[in-house]
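The chain contents come next:
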Amino acid sequence: MSRRTSQMLRFIVVGGSIAGVACAYALQEAGHQVLVVEQGDGKCDSHGGIRSPPNMTRLLNHWGFGPAIARLAIKANRFTFMEGKSGEELGTLVLHEKLMKALAADFLYIQHGALHAMFVERAKSAGVQFRYNTEVISVDPWKGVVITRKGAKLSADVIVGADGYRSVVRPVVVGPEGMKGILDKRVSVNITVPTDLMRQHKDLVKLTVSPEWSLWLGDDCAMHGLLTVDPRSFKKEYAVVMHVPTDGKPAQNSWDRSQPLDEKFLKLDRFEPKIQKLVRLGQTMTPTGHTIYEPFDNWVHESGRVVLVGEAAHPLMPNGSHNAAMSIEDAMTLSTLFSLPATKSHTSVLLSAYEELRQPRCAATQASELQKRDFICLPLGPDQQVRDDGLRDARARALLDWDEAEEDFLRDTWEEYIDLFAFDAREAVEDWWTKWEGAVGKFESLHLQVDVS
């Protein structure tokens, strides 16, 4: 990444999530001064599994995370869909070697806490400052000031709202509607199972070594699981996610409050005995509710001093395939824009470019993630039967070698995935700069003329 050689800006990032720390690291590397303000103590012990699709892995490699990721990541080879109650394999999606080579990056699984720790370490090494146990309660967008619970006022040229689903910064940018949405009819539940326990059961041993992302499709619910590596012990864990109906009861929307396993709540009787056994080994669960929002019209305040990233900007369904990926793309887009040979007077133009580049892609991803979740959670009935028959019909063709498969089948199966996986946030900025570099130069010339007059 190139570094801006003049007119360094001061950024305050509100929120020390992966989105926030990734932005802080990338902006600091671009030559700016960054402070992260986080209400927690900085400890992130999340054992949940993150999927890193090629569009995310490619950016991590660009930042030099490749060797560290390689020690802690599991490389996916396929996605397998099974009928929840019987365990019958319905279908599969093979990540063909030829396809992945063309995408120039792998589809990986990595523990959430491990990736967060990597970014924190990199950010601190780059010079990012952190203030933990500091809760932001309000933002003055015109003065570029954040106000903390203890009354401290911190100022910056740009404030980055990376404070997640229940963002304090979002209403400042979007307005009151930024906190209004529709309660999701399903809740997402995280369960972590040590593979040491799984290996004590013959029917679970395969899951302790398989790089597949396995999905069990139940009646009005679903479960999926994948392997991750604990960065402290280097032991493998099985990260389980269950999507179950809320039955009209609101669920917590916190990622870090576990509670005893509740089989009735999890609709565990809708899954095969092997899966029931697997889930029981987890002992505790972390349910996370979700509010569905229409895509926000604005991610940048009219003052040109406040911008939203991550779940504050585009609150995706919890535990989807692209939550972390969209946040990493946000960080790469914002930092690449602010590494361009521009000046402080261009700040509002660059923030507008960020909004323009990111909004359509994130809105499409938000919709796609919900559609895919609802697809695997169909209740028993005609739609479910059509889905299962379609998966069965495609299974034989999916197992064919890439060169042997029918072109129409490959297009129907992979077109949407390739649109997501092949995207490169850096190239998107480069394309924008090629188109608008001259206009930005004229803006600077006009700005200087106004200043002189």
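Residues numbered from 1 in each chain as written. Predicted model: local features only at pLDDT ≥ 70, side-chain atom pairs only at ≥ 80, totals over all residues. Heavy atoms only, no water.

1. A closer look at the side chain of Ser327
Let me state the cut-off plainly: Here a helix means four or more residues in a row that DSSP labels H or I, a strand means two or more in a row labelled E, and each is numbered from the N terminus. In this scheme, a residue with accessible area under 20% of its type's maximum is buried, one over 50% is exposed, and one in between is partly exposed, where area comes from a 1.4 Å probe on protein chains only. Throughout, a contact is declared for two residues whenever any of their heavy atoms are within 4.5 Å.
By secondary structure assignment, the location of Ser327 is in helix H9 (residues 323-337). Ser327 sits in the buried class, given a relative accessible area of 6%. Those residues in contact with Ser327 that lie beyond four places of it in its chain are Ala19, Gly310, Glu311 and His314.

2. A word on the sheet that holds strand E4 (residues 74-75)
Short version of the rule: Strand pairing follows a simple DSSP-based rule, namely that at least 2 bridges must link the two strands.
The strand order across the open sheet built from 3 strands is E3-E7-E4, with neighbouring strands paired in antiparallel fashion. One side of each edge strand has no neighbouring strand; the edge strands of this open sheet are strand E3 (49-52) and E4. With 2 bridges joining them, E4 and strand E7 (residues 108-111) adopt antiparallel strand pairing. Note on E7: the bridge partner recorded for Ile74 is Tyr109.

3. Observations concerning the layout of surface pockets
Put simply, the rule is: Lining residues are defined by having an atom within 4 Å of a point belonging to a cavity or pocket. Those points lie on a 1 Å grid over the protein atoms alone, cavities being sets where a 1.4 Å probe fits but cannot get out and pockets being open sets with protein on both sides within 12 Å along at least five of seven lines. Grid points are joined across faces, edges and corners, and a volume is the space filled by probe spheres set on the points. Residue classes follow a fixed rule: Ala, Val, Leu, Ile, Met, Phe, Trp, Tyr, Cys and Pro count as nonpolar, while Asp, Glu, Lys and Arg count as charged, and any other residue, Gly among them, counts as polar.
In this model, the second largest pocket occupies a volume close to 880 Å³. Elements with a contribution of two residues or more to the lining of the second largest pocket: strand E5 (78-83), strand E6 (89-94), strand E15 (213-218), helix H10 (347-376), helix H11 (382-398) and helix H12 (407-421). Broken down by element, the residue count for the lining of the second largest pocket peaks at 8 residues, all from H12. By residue class, the composition of the lining of the second largest pocket is 16 nonpolar, 12 polar and 10 charged.

4. Remarks on H10
Where we set the bar: Take the number of residues in a helix, subtract one, and multiply by 1.5 Å to get its expected span. In this scheme, the bend at a residue equals the angle between the axes fitted to the seven residues that finish there and the seven that begin there.
Between the first and last C-alpha of H10 there are 43 Å, a value that for 30 residues agrees with the 44 Å anticipated at 1.5 Å per step. Of all the bends found along H10, the most pronounced is centred on Arg358 and spans about 30°, while Pro360, a proline, follows it within four residues.

5. With respect to the sheet that holds strand E1 (residues 10-14)
The following threshold applies: In this description, a line fitted to the C-alpha atoms serves as the axis of each element, helices being fitted only across the stretch in contact, and the angle between N-to-C directions of two axes falls anywhere from 0 to 180 degrees.
Strand order in this open sheet of 5 strands is E8-E2-E1-E12-E21, and the pairing throughout is parallel. Taken across any chain shown, the strands that pair with only one partner, and hence form the sheet edges, are strand E8 (129-131) and strand E21 (306-308). Taken pair by pair, the neighbouring strands of this sheet meet at an average axis angle of 20°, ignoring direction. Where helix H1 (residues 18-29) meets the sheet, its contacts fall on E1, strand E2 (33-37) and E8, and the angle it forms with E2 comes to roughly 165°.

6. Thoughts on the nonpolar core
Put simply, the test is: Think of a nonpolar core as a cluster: buried Ala, Val, Leu, Ile, Met, Phe, Trp, Tyr and Cys residues, connected wherever their side-chain atoms sit within 4.5 Å.
In this structure, Trp63, Phe119, Ile191, Met242, Leu278 and Leu334 are the most contacted members of the largest nonpolar core, which totals 131 residues. Contact partners of Ile191, with chain neighbours within four places excluded, come to Tyr238, Ala239, Val240, Met242, Leu261, Leu266, Val279, Gly282, Thr284 and Met285.

7. Observations concerning the pairing of E7
Successive side chains on a regular strand alternate, one facing one side of the sheet and the next facing the other. By the alternation rule, side chains of E7 split into Leu108 and Ile110 and Tyr109 and Gln111, which are all buried. The sheet contact formed by E3 and E7 spans 4 bridges and is antiparallel. When the bridges of E7 are listed, Ile50 appears paired with Ile110.

8. Some words on the confidence of the model for the chain
Selection criterion: What pLDDT conveys is the predictor's confidence in a given residue, as a value from 0 to 100.
Within the chain, residue pLDDT values average 91, and 91% of them lie at 70 or more. Throughout residues 445-453 the model reports pLDDT below 50, and contacts reaching past four residues in sequence, or to other chains, amount to 1 contact.

9. Some remarks on the pairing of strand E16 (residues 221-229)
Burial analysis of E16 places 9 of its 9 residues in the buried class, which makes it a mostly covered element. Along E16, one buried face is formed by Cys221, Met223, Gly225, Leu227 and Val229 and the opposite face, lined by Ala222, His224, Leu226 and Thr228, is buried too. Both E15 and E16 contribute to a ladder of 5 bridges, which runs antiparallel. Bridging across to E16, Leu217 finds its partner in Ala222. Linking two consecutive strands that pair antiparallel, namely E15 and E16, is a turn of 2 residues; a positive phi of about 65° is found at Asp220 within it. Counting the residues between successive antiparallel strands, the hairpin from E16 to strand E17 (residues 236-245) contains 6 residues, one of them, Phe234, with a positive phi of roughly 60°.

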